[in-house]
Amino acid sequence: MSIEKITRISAIAVGTVAAMSVLSPAARAGSLWTYQADSFTDKSGDDSMEVFGMAYRDDGDTVTFALNGGMALGGSYQNFSQVKDNYINWGDLFINLNPTQSLNQSFQTGEVIGIRFDGTNDSGIDGDVNTYSSTPGETGVYMGVTGKSVAGANYGYSSLSSWENSVTGESYGDASLDKNYFGDSNAKNVISSYNERLGNVNLIADTSSLDLDWTGNIGDEGEHTIAFSFDRSLLGQEQTEWIASAFLECFNDGVGMRGTFAAVPDEPGDVADVPEPSMLMALGLMGLAGVKSRRQKAA
(Lines give C-alpha, C1' and ligand atoms only; values in the text may rest on other atoms or scores of the structure.)
Protein backbone atom coordinates (compact mmCIF):
# COMPACT_ATOMS: atom_id res chain seq x y z
CA MET A 1 0.00 0.00 0.00
CA SER A 2 1.41 3.39 -0.93
CA ILE A 3 2.20 6.15 1.58
CA GLU A 4 -0.17 8.48 -0.32
CA LYS A 5 -3.10 6.08 0.12
CA ILE A 6 -2.38 5.61 3.82
CA THR A 7 -2.20 9.40 4.26
CA ARG A 8 -5.63 9.82 2.67
CA ILE A 9 -7.09 7.18 4.97
CA SER A 10 -5.62 8.88 8.04
CA ALA A 11 -6.95 12.28 6.97
CA ILE A 12 -10.49 10.96 6.73
CA ALA A 13 -10.22 9.78 10.34
CA VAL A 14 -13.25 7.57 10.31
CA GLY A 15 -12.31 5.85 13.55
CA THR A 16 -9.90 3.31 14.93
CA VAL A 17 -11.70 0.16 13.75
CA ALA A 18 -11.97 1.29 10.15
CA ALA A 19 -8.40 2.53 10.06
CA MET A 20 -7.03 -0.65 11.58
CA SER A 21 -8.92 -2.83 9.08
CA VAL A 22 -7.42 -0.88 6.17
CA LEU A 23 -3.91 -1.37 7.52
CA SER A 24 -4.31 -5.09 8.23
CA PRO A 25 -2.36 -7.36 5.84
CA ALA A 26 -4.56 -8.92 3.17
CA ALA A 27 -4.50 -12.61 2.27
CA ARG A 28 -2.25 -13.24 -0.72
CA ALA A 29 -3.32 -15.09 -3.83
CA GLY A 30 -1.10 -18.04 -4.70
CA SER A 31 -0.87 -19.49 -1.19
CA LEU A 32 -2.39 -22.78 -2.41
CA TRP A 33 -1.01 -25.27 -4.91
CA THR A 34 -1.45 -24.71 -8.62
CA TYR A 35 -1.23 -27.90 -10.68
CA GLN A 36 -0.31 -28.82 -14.23
CA ALA A 37 -0.97 -32.29 -15.62
CA ASP A 38 1.13 -34.02 -18.22
CA SER A 39 -0.03 -36.89 -20.39
CA PHE A 40 -0.03 -40.19 -18.50
CA THR A 41 0.84 -42.21 -21.62
CA ASP A 42 3.76 -40.40 -23.25
CA LYS A 43 6.75 -42.05 -21.59
CA SER A 44 9.45 -43.79 -23.57
CA GLY A 45 11.06 -46.63 -21.66
CA ASP A 46 10.11 -48.20 -18.33
CA ASP A 47 7.65 -46.80 -15.80
CA SER A 48 10.30 -44.63 -14.16
CA MET A 49 10.25 -42.48 -17.29
CA GLU A 50 6.63 -41.37 -16.97
CA VAL A 51 6.09 -37.79 -15.80
CA PHE A 52 2.63 -37.10 -14.39
CA GLY A 53 2.68 -33.42 -13.49
CA MET A 54 4.05 -30.35 -11.78
CA ALA A 55 2.73 -28.01 -9.09
CA TYR A 56 3.88 -24.83 -7.38
CA ARG A 57 2.99 -22.73 -4.36
CA ASP A 58 4.01 -19.14 -3.53
CA ASP A 59 3.19 -17.92 -0.02
CA GLY A 60 5.08 -14.64 -0.26
CA ASP A 61 8.06 -15.90 1.73
CA THR A 62 8.79 -19.19 0.01
CA VAL A 63 8.28 -20.63 -3.47
CA THR A 64 7.83 -24.39 -3.62
CA PHE A 65 7.80 -26.62 -6.70
CA ALA A 66 6.78 -30.28 -6.82
CA LEU A 67 7.28 -32.83 -9.60
CA ASN A 68 5.38 -36.10 -9.75
CA GLY A 69 6.12 -39.22 -11.76
CA GLY A 70 7.98 -42.50 -11.82
CA MET A 71 11.44 -40.96 -11.40
CA ALA A 72 12.86 -40.82 -7.89
CA LEU A 73 15.37 -38.28 -6.64
CA GLY A 74 18.76 -39.77 -7.42
CA GLY A 75 17.58 -41.30 -10.67
CA SER A 76 16.64 -44.66 -12.09
CA TYR A 77 19.28 -47.36 -12.58
CA GLN A 78 19.68 -48.33 -16.24
CA ASN A 79 21.96 -51.20 -17.24
CA PHE A 80 22.83 -49.82 -20.67
CA SER A 81 26.33 -48.96 -21.85
CA GLN A 82 24.87 -45.83 -23.47
CA VAL A 83 24.01 -44.46 -20.00
CA LYS A 84 27.41 -43.15 -18.91
CA ASP A 85 26.91 -43.35 -15.15
CA ASN A 86 24.19 -46.06 -15.24
CA TYR A 87 21.57 -43.63 -13.89
CA ILE A 88 19.02 -41.50 -15.70
CA ASN A 89 17.88 -38.58 -13.54
CA TRP A 90 15.69 -35.56 -13.69
CA GLY A 91 17.40 -32.68 -15.44
CA ASP A 92 17.35 -29.18 -13.97
CA LEU A 93 14.25 -26.98 -13.63
CA PHE A 94 14.23 -23.92 -15.89
CA ILE A 95 12.09 -20.85 -15.13
CA ASN A 96 11.77 -18.59 -18.17
CA LEU A 97 11.13 -15.07 -16.84
CA ASN A 98 10.14 -13.79 -20.30
CA PRO A 99 7.29 -16.08 -21.37
CA THR A 100 6.84 -14.13 -24.63
CA GLN A 101 10.09 -15.72 -25.83
CA SER A 102 11.11 -19.29 -26.54
CA LEU A 103 13.32 -20.94 -23.95
CA ASN A 104 16.41 -20.72 -26.16
CA GLN A 105 15.78 -17.01 -26.82
CA SER A 106 15.59 -16.38 -23.07
CA PHE A 107 18.82 -18.31 -22.54
CA GLN A 108 20.45 -15.84 -24.92
CA THR A 109 18.99 -12.77 -23.20
CA GLY A 110 19.88 -13.98 -19.69
CA GLU A 111 16.26 -14.29 -18.53
CA VAL A 112 16.24 -17.89 -17.31
CA ILE A 113 16.60 -19.10 -13.73
CA GLY A 114 17.96 -22.61 -13.36
CA ILE A 115 17.33 -24.75 -10.30
CA ARG A 116 19.49 -27.77 -9.71
CA PHE A 117 17.58 -29.84 -7.17
CA ASP A 118 19.21 -33.24 -7.78
CA GLY A 119 22.93 -33.06 -7.04
CA THR A 120 23.53 -36.44 -8.71
CA ASN A 121 22.37 -35.44 -12.20
CA ASP A 122 24.63 -34.46 -15.11
CA SER A 123 24.23 -30.71 -14.66
CA GLY A 124 26.99 -28.41 -15.84
CA ILE A 125 26.99 -26.80 -12.39
CA ASP A 126 29.70 -29.29 -11.45
CA GLY A 127 31.89 -28.17 -14.34
CA ASP A 128 32.69 -30.72 -17.00
CA VAL A 129 29.54 -32.81 -17.37
CA ASN A 130 31.47 -35.33 -19.45
CA THR A 131 32.94 -36.75 -16.23
CA TYR A 132 29.45 -38.01 -15.22
CA SER A 133 30.43 -38.42 -11.61
CA SER A 134 28.05 -40.20 -9.26
CA THR A 135 29.26 -38.02 -6.38
CA PRO A 136 26.57 -35.48 -5.44
CA GLY A 137 27.44 -31.95 -6.53
CA GLU A 138 26.24 -28.45 -5.69
CA THR A 139 22.55 -27.62 -5.86
CA GLY A 140 21.00 -24.16 -5.82
CA VAL A 141 19.16 -21.37 -7.61
CA TYR A 142 21.10 -19.77 -10.48
CA MET A 143 20.39 -16.68 -12.58
CA GLY A 144 21.32 -16.01 -16.20
CA VAL A 145 21.74 -19.66 -17.05
CA THR A 146 22.39 -21.25 -20.40
CA GLY A 147 21.34 -24.80 -21.09
CA LYS A 148 22.63 -27.90 -22.78
CA SER A 149 21.40 -31.40 -23.57
CA VAL A 150 22.82 -34.49 -21.89
CA ALA A 151 20.51 -36.85 -23.77
CA GLY A 152 23.41 -38.34 -25.71
CA ALA A 153 25.01 -39.56 -22.50
CA ASN A 154 21.71 -40.99 -21.25
CA TYR A 155 20.56 -43.17 -24.14
CA GLY A 156 18.15 -40.41 -25.07
CA TYR A 157 16.56 -38.61 -27.98
CA SER A 158 18.47 -36.21 -30.23
CA SER A 159 15.28 -34.24 -30.90
CA LEU A 160 11.82 -33.81 -29.46
CA SER A 161 10.37 -34.77 -32.83
CA SER A 162 12.00 -38.18 -32.45
CA TRP A 163 10.48 -38.54 -29.00
CA GLU A 164 7.03 -37.52 -30.28
CA ASN A 165 7.23 -40.17 -33.01
CA SER A 166 7.97 -42.85 -30.41
CA VAL A 167 5.17 -42.26 -27.90
CA THR A 168 1.39 -42.02 -27.70
CA GLY A 169 -0.44 -38.86 -26.65
CA GLU A 170 2.65 -36.69 -26.41
CA SER A 171 2.29 -33.64 -24.18
CA TYR A 172 4.50 -30.92 -22.73
CA GLY A 173 2.10 -30.09 -19.90
CA ASP A 174 0.60 -26.67 -20.61
CA ALA A 175 -1.24 -26.87 -23.94
CA SER A 176 0.48 -23.73 -25.25
CA LEU A 177 3.92 -25.36 -25.05
CA ASP A 178 5.37 -27.41 -27.88
CA LYS A 179 8.69 -28.53 -29.37
CA ASN A 180 9.11 -25.10 -30.98
CA TYR A 181 9.15 -23.43 -27.57
CA PHE A 182 11.77 -25.88 -26.27
CA GLY A 183 13.84 -25.97 -29.45
CA ASP A 184 13.15 -29.45 -30.92
CA SER A 185 16.61 -30.60 -32.07
CA ASN A 186 18.24 -27.90 -29.91
CA ALA A 187 16.29 -28.59 -26.69
CA LYS A 188 18.12 -28.33 -23.37
CA ASN A 189 17.59 -30.24 -20.14
CA VAL A 190 20.39 -29.17 -17.75
CA ILE A 191 22.26 -26.01 -16.83
CA SER A 192 25.41 -25.40 -18.85
CA SER A 193 26.59 -22.10 -17.31
CA TYR A 194 25.28 -19.27 -15.15
CA ASN A 195 25.96 -15.64 -14.27
CA GLU A 196 25.13 -15.69 -10.57
CA ARG A 197 24.23 -18.14 -7.85
CA LEU A 198 21.23 -16.54 -6.13
CA GLY A 199 20.90 -18.88 -3.18
CA ASN A 200 20.08 -22.31 -1.86
CA VAL A 201 17.37 -24.73 -2.87
CA ASN A 202 15.86 -26.74 -0.04
CA LEU A 203 14.79 -30.31 -0.68
CA ILE A 204 11.66 -31.38 1.17
CA ALA A 205 12.11 -34.97 2.31
CA ASP A 206 8.62 -35.49 3.73
CA THR A 207 6.30 -34.53 0.88
CA SER A 208 3.31 -36.01 2.73
CA SER A 209 3.30 -32.87 4.87
CA LEU A 210 2.65 -30.62 1.85
CA ASP A 211 -1.04 -31.46 1.37
CA LEU A 212 -0.53 -32.22 -2.30
CA ASP A 213 -3.45 -33.96 -4.00
CA TRP A 214 -2.27 -35.08 -7.42
CA THR A 215 -5.13 -37.45 -8.18
CA GLY A 216 -7.78 -34.97 -7.12
CA ASN A 217 -6.29 -32.20 -9.26
CA ILE A 218 -4.70 -33.85 -12.30
CA GLY A 219 -6.49 -37.21 -12.33
CA ASP A 220 -3.65 -39.61 -11.47
CA GLU A 221 -0.25 -39.73 -9.82
CA GLY A 222 3.08 -41.49 -10.07
CA GLU A 223 5.07 -43.29 -7.41
CA HIS A 224 7.41 -40.42 -6.57
CA THR A 225 6.95 -36.76 -5.64
CA ILE A 226 10.03 -34.54 -5.51
CA ALA A 227 9.57 -31.16 -3.85
CA PHE A 228 11.96 -28.29 -3.25
CA SER A 229 11.70 -24.67 -2.19
CA PHE A 230 13.64 -21.41 -2.21
CA ASP A 231 13.27 -17.93 -0.76
CA ARG A 232 10.83 -15.73 -2.68
CA SER A 233 13.12 -12.75 -1.96
CA LEU A 234 15.71 -14.15 -4.38
CA LEU A 235 13.47 -13.00 -7.23
CA GLY A 236 12.78 -9.46 -6.04
CA GLN A 237 9.38 -8.06 -5.05
CA GLU A 238 7.65 -7.44 -8.37
CA GLN A 239 4.91 -9.64 -9.81
CA THR A 240 6.55 -12.05 -12.23
CA GLU A 241 5.01 -14.21 -14.94
CA TRP A 242 6.96 -17.25 -16.07
CA ILE A 243 7.11 -20.64 -17.74
CA ALA A 244 8.73 -23.46 -15.74
CA SER A 245 9.83 -26.75 -17.27
CA ALA A 246 11.78 -29.87 -16.43
CA PHE A 247 12.75 -32.88 -18.55
CA LEU A 248 14.39 -36.16 -17.76
CA GLU A 249 18.05 -36.34 -18.80
CA CYS A 250 17.14 -38.64 -21.69
CA PHE A 251 14.20 -36.51 -22.95
CA ASN A 252 11.95 -39.57 -22.52
CA ASP A 253 9.36 -37.25 -20.92
CA GLY A 254 8.98 -33.84 -19.29
CA VAL A 255 6.46 -31.22 -18.21
CA GLY A 256 6.05 -27.45 -18.39
CA MET A 257 3.60 -24.98 -16.88
CA ARG A 258 2.83 -21.29 -16.80
CA GLY A 259 2.49 -19.36 -13.56
CA THR A 260 2.81 -16.07 -11.73
CA PHE A 261 4.72 -15.11 -8.62
CA ALA A 262 2.58 -12.45 -6.94
CA ALA A 263 4.13 -9.15 -5.90
CA VAL A 264 5.49 -9.19 -2.37
CA PRO A 265 3.73 -6.69 -0.03
CA ASP A 266 5.77 -3.81 1.37
CA GLU A 267 7.90 -4.67 4.35
CA PRO A 268 6.78 -3.14 7.70
CA GLY A 269 9.75 -0.75 7.59
CA ASP A 270 8.50 0.72 4.33
CA VAL A 271 5.45 2.23 6.07
CA ALA A 272 7.21 3.44 9.21
CA ASP A 273 5.66 6.91 9.04
CA VAL A 274 2.09 5.59 9.18
CA PRO A 275 0.34 7.08 12.26
CA GLU A 276 0.28 4.89 15.35
CA PRO A 277 -3.10 3.35 16.32
CA SER A 278 -3.36 5.80 19.25
CA MET A 279 -2.98 8.71 16.86
CA LEU A 280 -5.58 7.22 14.51
CA MET A 281 -7.95 6.91 17.48
CA ALA A 282 -7.36 10.56 18.38
CA LEU A 283 -7.98 11.63 14.79
CA GLY A 284 -11.15 9.57 14.74
CA LEU A 285 -12.41 11.09 17.98
CA MET A 286 -11.62 14.59 16.70
CA GLY A 287 -13.60 13.88 13.58
CA LEU A 288 -16.54 12.55 15.55
CA ALA A 289 -16.36 15.55 17.93
CA GLY A 290 -16.52 17.91 14.97
CA VAL A 291 -19.62 16.17 13.63
CA LYS A 292 -21.28 16.34 17.06
CA SER A 293 -20.45 20.05 17.41
CA ARG A 294 -21.98 20.88 14.03
CA ARG A 295 -25.13 18.97 14.94
CA GLN A 296 -25.50 20.96 18.22
CA LYS A 297 -25.14 24.27 16.40
CA ALA A 298 -27.69 23.19 13.85
CA ALA A 299 -30.09 22.37 16.67
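Below you will find a few notes about this structure. Along every chain, residues carry numbers that run from 1 in the direction the sequence is written. Note on the predicted model: pLDDT of at least 70 is required for a residue's local features to be given, and 80 or more for side-chain atom pairs to be given and counted; whole-chain, interface and lining totals, by contrast, use all residues. Just so you know, side-chain values use all the structure's heavy atoms and leave hydrogens and water out.

On to the sheet that holds strand β3 (residues 62–69), then. Sheet architecture is open: five strands sit in the order β1-β2-β3-β13-β12, paired in antiparallel fashion. What marks the edges here is a single partner per strand, and that holds for β1 (34–37) and β12 (202–203). For two strands to count as paired, DSSP must find a minimum of two bridges between them. Here a helix means four or more residues in a row that DSSP labels H or I, a strand means two or more in a row labelled E, and each is numbered from the N terminus. Sheet analysis places β3 next to strand β13 (residues 224–231), joined by eight bridges and oriented antiparallel. Pairing of Gly69 across the sheet is with His224, part of β13.

Glancing now at the pattern of salt bridges. By convention in these notes, a salt bridge is any Lys or Arg side-chain nitrogen within 4 Å of a carboxyl oxygen on Asp or Glu. Summed over the entire model, instances satisfying the criterion amount to six salt bridges. Close ionic contact of Lys43 with Asp47 constitutes a salt bridge, the shortest N to O distance being 3.8 Å. A relative accessible area of 60% means that Asp47 is categorised as exposed. Asp126 is the salt-bridge partner of Arg116, the closest N and O atoms lying 2.9 Å from each other. Of the two residues, Arg116 is situated in strand β7 (residues 112–116) and Asp126 in the loop between β7 and β8 (140–143); the sequence distance between them amounts to ten residues. For Arg116, a relative accessible area of 0% puts it in the buried group. On the basis of relative accessibility, which here comes to 41%, the residue Asp126 falls in the partly exposed class. Under the scheme applied here, a residue whose accessible area is under 20% of the maximum for its type counts as buried, over 50% as exposed, and between as partly exposed, the area being computed with a 1.4 Å probe on protein chains only.

Non-glycine residue Asn86 carries a positive phi angle of around 70°. A relative accessible area of 28% means that Asn86 is categorised as partly exposed. With a phi close to 55°, Tyr155 is a non-glycine residue in the positive phi region. Mapped onto the secondary structure, Tyr155 falls in the loop between β9 (146–148) and α4 (160–164).

Here we come to the packing of aromatic side chains. Aromatic rings from Phe, Tyr and Trp, taking only the six-membered ring of Trp, are treated as a pair when their centres fall within 6.5 Å; an angle between ring planes under 30 degrees marks them as stacked, one over 60 as edge-to-face, and anything in between as tilted. One pass over the full model with this rule turns up 19 aromatic pairs. Where Tyr35 meets Trp214, the ring centres are 5.6 Å apart and the plane angle is 85°; that geometry is what we call edge-to-face. Residue Tyr35 is found in strand β1, and its partner Trp214 is found in helix α6 (residues 214–218); the two are separated by 179 residues along the sequence. In this pair, the class of Tyr35 matches that of Trp214, namely buried. One aromatic cluster is present, formed by Tyr56, Phe65, Phe117, Phe228, Trp242 and Phe261 through successive ring pairs.

Just distances and angles here, no functional claims.
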